[in-house]
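Chain residues, written in single-letter form:
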Number of protein chains: 2
Amino acid sequence: MEKFELHILGCGSALPTARHFSTSQVLNVRDKLFMIDCGEGAQLQFRKSRLKFSRLNHIFISHLHGDHCFGLLGLISTLNLLGRTAELHIHSPQGLEELLRPMLDFFNRQMTYRVAFHPFETREATLVYEDRSLTVTTIPLRHRLPTCGFLFAEKPRPNHILREMTDFYQVPVYELNRIKNGADFVTPDGEVIPNERLTHPADPPRRYAYCSDTLPLASVAEQVKGVDLLFHEATFADEDAPRAKETFHTTATQAASLARDADVKRLLIGHFSARYEDENMLLKQACKVFPATLLAKEGLSLSI
Amino acid sequence: MEKFELHILGCGSALPTARHFSTSQVLNVRDKLFMIDCGEGAQLQFRKSRLKFSRLNHIFISHLHGDHCFGLLGLISTLNLLGRTAELHIHSPQGLEELLRPMLDFFNRQMTYRVAFHPFETREATLVYEDRSLTVTTIPLRHRLPTCGFLFAEKPRPNHILREMTDFYQVPVYELNRIKNGADFVTPDGEVIPNERLTHPADPPRRYAYCSDTLPLASVAEQVKGVDLLFHEATFADEDAPRAKETFHTTATQAASLARDADVKRLLIGHFSARYEDENMLLKQACKVFPATLLAKEGLSLSI
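Moving on: the interface of chain A and chain B. Between chain A and chain B, the residue contacts involve 33 residues of the former and 33 residues of the latter. In this assembly, chain A and chain B are joined by zero salt bridges. Linking chain A to chain B there are six residue pairs in polar contact (both at pLDDT 80 or more). Tallying contributions element by element places helix α4 (residues 96-107) of chain A first for the side of chain A that touches chain B, with six residues.

This part covers the packing of aromatic side chains. All names here are of chain B. A complete count under the given rule lists 25 aromatic pairs over all chains for this structure. With centroids separated by 5.6 Å and ring planes inclined at 90°, the aromatic side chains of Phe60 and Phe152 adopt a geometry described as edge-to-face. In this pair, Phe60 sits in strand β4 (residues 56-60) while Phe152 sits in strand β9 (residues 148-154), placing the two residues 92 residues apart along the sequence. The exposure class assigned to Phe60 is buried, which follows from its relative accessible area of 0%.

What follows deals with the pairing of strand β8 (residues 134-140) of chain A. Residue and element names in this part refer to chain A. Most of β8 sits inside the fold, with seven of its seven residues counted as buried. The alternating pattern of β8 places Leu134, Val136, Thr138 and Pro140 on one face and Thr135, Thr137 and Ile139 on the opposite face, and all of these are buried. The sheet contact formed by strand β7 (residues 127-130) and β8 spans three bridges and is antiparallel. Opposite Leu127, over in β8, you have Thr137 as the bridge partner. Two successive antiparallel strands, β7 and β8, enclose a turn made up of three residues. As paired elements, β8 and strand β9 (residues 148-154) share seven bridges and run antiparallel to each other. Residue pairing across strands places Thr135 opposite Ala153, the latter belonging to β9.

In this section: the relation of the copies chain A and chain B. Placing chain A over chain B gives an RMSD of 0.1 Å and needs a rotation angle of 180°, together with 0.0 Å of translation along the axis. One copy is carried onto the other by what is essentially a two-fold rotation axis. Taking C-alpha positions as reference, the residue of chain A nearest the rotation axis is A:Gly41, located at 2.7 Å. Take the interface residues of chain A: 100% of them recur as interface residues in chain B, which is what a same-surface contact looks like.

This part is about helix α3 (residues 72-81) of chain A. All names here are of chain A. In terms of burial, α3 is a largely internal element, nine of the 10 residues being buried. Considered for burial, the residues of α3 that qualify are Leu72, Leu73, Gly74, Leu75, Ile76, Ser77, Thr78, Leu79 and Asn80. A positive backbone phi angle near 75° is found at Gly83, which sits one or two residues after α3.

On to the sheet that holds strand β16 (residues 266-270) of chain A. Backbone-to-backbone hydrogen bonds pair the strands of a sheet. The strands run either parallel or antiparallel. Residues and elements named next belong to chain A. Read across the open sheet, the seven strands follow the order β7-β8-β9-β14-β15-β16-β17; overall the sheet is mixed. Lying at the two open borders of the sheet, with one neighbouring strand each, are β7 and β17 (293-295). Between one strand axis and the next, the sheet turns by 20° as a mean value, whatever way the strands run. The pairing of β9 with strand β14 (residues 207-211) spans four bridges and is classified as antiparallel. Among the inter-strand pairings, Phe152 is bridged to a residue of β14, identified as Tyr208. Here helix α10 (residues 252-262) sits on the sheet in contact with β15 (229-233) and β16, set at roughly 155° to β15.

What is expected of a backbone is that most residues other than glycine have negative phi and most peptide bonds are trans. For the bond running from A:Ser212 to A:Asp213, omega is -10°, close enough to zero to count as cis. Its place among the elements puts A:Asp213 in the loop between β14 and α8 (218-223). A positive phi angle, near 50°, is found at B:Gln170, a position not held by glycine. Turning to its location among the elements, B:Gln170 is positioned in the loop between α5 (163-168) and α6 (176-180). Residue B:Gln170 is classed as exposed on the basis of its relative accessible area of 69%. Non-glycine residue B:Phe248 carries a positive phi angle of around 60°. As for its placement among the helices and strands, B:Phe248 is situated in the loop between α9 (241-246) and α10 (252-262). Exposure remark for B:Phe248: the relative accessible area of 28% places this residue in the partly exposed category.

Moving on, we come to the side chain of A:Thr251. Residue and element names in this part refer to chain A. You can see Thr251 is positioned in the loop between α9 (241-246) and α10. Thr251 sits in the buried class, given a relative accessible area of 2%. Setting aside anything within four residues of it in sequence, one finds Thr251 in contact with Ala234, Phe236, Ala237, Asp238, Ala241 and Ala244.

Now for the pattern of salt bridges. Residues and elements named next belong to chain A. Tallied over the full model, the rule gives 30 salt bridges over all chains. Arg30 serves as the salt-bridge partner of Glu2, at 3.8 Å between the closest nitrogen and oxygen. Remark: Arg30 occurs in the loop between β2 (24-29) and β3 (32-38) and Glu2 occurs in the segment before β1 (4-10); sequence separation between them is 28 residues. Classification of Glu2 by relative accessible area gives partly exposed; the value is 35%. Classification of Arg30 as partly exposed rests on a relative accessible area of 23%.

Turning to the environment of A:Gly12, a few remarks are in order. Residues and elements named next belong to chain A. Position of Gly12 among the secondary structure elements: in the loop between β1 and β2. In the structure, Gly12 is positioned 239 residues away from Thr251 in sequence and 14 Å away in space, judged by C-alpha atoms. If we ignore the near neighbours within four places in the chain, the residues touching Gly12 are His20, Phe21, Ser22, Thr23, His271, Phe272 and Glu298.

With that settled, consider the sheet that holds strand β2 (residues 24-29) of chain B. All names here are of chain B. Across the sheet, which stays open at both edges, the seven strands sit in the order β6-β5-β4-β3-β2-β1-β18 with mixed pairing between neighbours. Since the sheet does not close on itself, it has two edges, and those belong to β6 (115-120) and β18 (301-303), each with one partner. Strand-to-strand twist of the sheet, defined as the mean angle between neighbouring strand axes without regard to direction, takes the value 20°. Direction of pairing for strand β1 (residues 4-10) relative to β2: antiparallel, over a ladder of six bridges. Residue pairing for β2: Gly10 is matched across the bridge by Ser24. Here helix α4 (residues 96-107) sits on the sheet and contacts β5 (88-93) and β6; the angle it forms with β6, its principal contact strand, is near 160°.

Quick notes on the rules
- Residues numbered from 1 in each chain as written.
- Chains lettered and ligands numbered in written order.
- Predicted model: local features only at pLDDT ≥ 70, side-chain atom pairs only at ≥ 80, totals over all residues.
- Heavy atoms only, no water.
- Contact = heavy atoms within 4.5 Å.
- Salt bridge = Lys/Arg side-chain N within 4 Å of Asp/Glu carboxyl O.
- Polar contact = N/O pair within 3.5 Å; in protein donor to acceptor, adjacent residues only side chain to side chain.
- Helix = DSSP H or I, 4+ residues; strand = E, 2+ residues; numbered from the N terminus.
- Phe/Tyr/Trp six-rings, centres within 6.5 Å; stacked < 30°, edge-to-face > 60°.
- Buried < 20%, exposed > 50% of the residue type's maximum accessible area, 1.4 Å probe, protein only.
- Pairing = 2+ DSSP bridges.
- Least-squares fit on C-alpha atoms with pLDDT ≥ 70 in both.
- Axes fitted to C-alpha atoms, helices over the stretch in contact; angles between N-to-C directions.

Pasting the structure below:
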């Protein structure tokens, strides 16, 4: 299976602790790296994870709170010091470029590469990235200011040719692409060889959904139905549900209920409030509702 | 002895490595904390060092390069989330407020405290802070843009009264302050009791000098003469002296020579280039010239 791997660079929330960096993740899809949020220290954690800056071309920012984007200045400056030439694309809600540009210009007198900002609408699910093998779609969330999560979806891939069978039926080379894409083969004698005899199906496309920060939303459960991995914030424990609601956040149990309703394969919780010394308590609460829950942690990498 | 203690939060240079945070230090003078430079991640390192945010009222920024000030946004925002009310004073070369203000305003819709910026002239040594027991004076440096180091100097303290002696000579209470400050005592009979018999001298005032980033300067050796501890950048090894000169930095041997010329008690080197896997090589080069050299390291704290 080709790489589809999540790296947690930081999973704390707004207040720093001795245990957590603020939010940032990297999704490695076949050695293309996609950064999701970029809290302070993201570039340090990136280095520690032994990921390659040269593989990073797209950064997705969920919303304009400092703990999700204060790492951009340092990261962008570092890439400049390293003499990067490839464009860097930053996808975020409206307003980020206006905020960053004056500081970027001052602190990087000469830029060796271009930073392209791509603001997106936050009210409707929107395709914000696409290549041959992947799409990234926003997931509208509800926080104290415009916020979106991101759904990373592999595209369906062609079936694998069973070489022995195509040899046996003497399938000409020019037919192979059609067959990969599901067509049957008709022999010169008019015999129809069904596609299933000539191919075995490709691995099903994988999907990763990232949701932080937000109130729990039924619309999210709808949009992330059945994903292989759902990251959902679980800033608060159940005891602090009123505080969660007040600050537009989610509790561990709410995140787990959403995962269950969405019938996802695995749930990863993070964005932990600084008030909890031990997040295993959050894990326990979530596991009661949705046993396939994991706790995010700096340095964690997960194959999806 | 009262506290005069240096904490290294970060001692790397512009490029992040898996080993170093960018530059930041905290000087603890009798439980008042003074931050010196504030690279990305400084607030995280501050927390890890178990220092108290409430004790921090003054931050000194040597120059406006990102690796010396990108941590300010996160730190200021965190103090706001914590509901700080005391003013925070930031001393730096001209221009910092104009750069930070728009982002501070956006990311902190309501500020619970005031951030006061105090720009200083960088061409002449200037007193930038003073309280009952301490002065902070800038140290003009030569880097690619206006840059100053900082000299933290305890004020001389009154002598300690030898209670047995003042009792013996029946010194009246109203004379004690004069005696603490060095006066002799004259008995009712006209006998002069010299001050040395009535007191023992206070601990000599301590001094800490911070110099980063800069070419090595004779004027610095002059200004930091005899300090108890000198932090001096040693970004490069001797082999890379041309690169040091080109980028307005100092080599390990140059830092050590300066420490020797200034006759300081101890030298601490830091601001290491990312190119060196092992900074002990820098330490060795410095120790050849000035044996009382120490290597900075994240988490290091030194009593001065």
